[in-house]
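Each chain, written out:
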Amino acid sequence: MKYGTLLSALGVLWALSGCSEDSSVLACDGAHTTSLVKEVVNRTLLEQAGADDGVKYSYQLHDIQTLESNDQTGGLLCRADLAVNLKNEDMDETLTRTIHYSVERNEDDKQQVQVFEDH
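Residues numbered from 1 in each chain as written. Predicted model: local features only at pLDDT ≥ 70, side-chain atom pairs only at ≥ 80, totals over all residues. Heavy atoms only, no water.

Visitor: Before we move on, could you go through the overall build of the chain and cite the residues and values that matter?
Guide: The number of helices and strands found in the chain is three helices and five strands. Its helices and strands taken in sequence order, the chain reads α-α-β-α-β-β-β-β from the N to the C terminus. Counting all 119 residues of the chain, 39% fall into the buried class. In the chain, once contacts between residues fewer than 6 apart in sequence are set aside, the share between residues at least 24 apart is 56%. Roughly 6,700 Å² of accessible area belongs to the chain as shown, and the carbon and sulfur atoms make up 45% of that amount. (Helix = DSSP H or I, 4+ residues; strand = E, 2+ residues; numbered from the N terminus. Buried < 20%, exposed > 50% of the residue type's maximum accessible area, 1.4 Å probe, protein only. Contact = heavy atoms within 4.5 Å. Areas by Shrake-Rupley, 256 points an atom, 1.4 Å probe, with all protein chains shown as cover.)

Visitor: Explain the state of the cysteines to me, using residue names and the numbers behind them.
Guide: With the rule as written, the count across this model stands at one disulfide. C28 shares a disulfide with C78; S-S distance 1.9 Å. Here C28 and C78 share a disulfide; its torsion about the S-S bond, -75 degrees, makes the bridge left-handed. Here C28 is found in the loop between β1 (17-20) and α3 (31-49), whereas its partner C78 is found in strand β3 (residues 76-88), with 50 residues between them in sequence. (Disulfide = S-S within 2.5 Å.)

Next up, the structure:
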């Protein structure tokens, strides 16, 4: 199935990042952080699979952990299990991968995330 290989190939392209203004505290499991991670994942999947109006994607992050924190920059390195549900009239499949992501503030003081797949 193209979606199974698609998800396993995400690590090659996941140097994408997302950023936006948000609350003042960075947290791996913060609502704003997880929303940005899902936005990056969604953008990557749509770029790889192409827009398919028949397929609905939904994303969940489980077992979120903070692996490292940088006291000087406030940046964090995080780990989570990503569940991607692909659904249309013929399919209802959930694919799970472990991902790492970083969260930090950029030079404009906006929250930024970068997402990487485990290999």
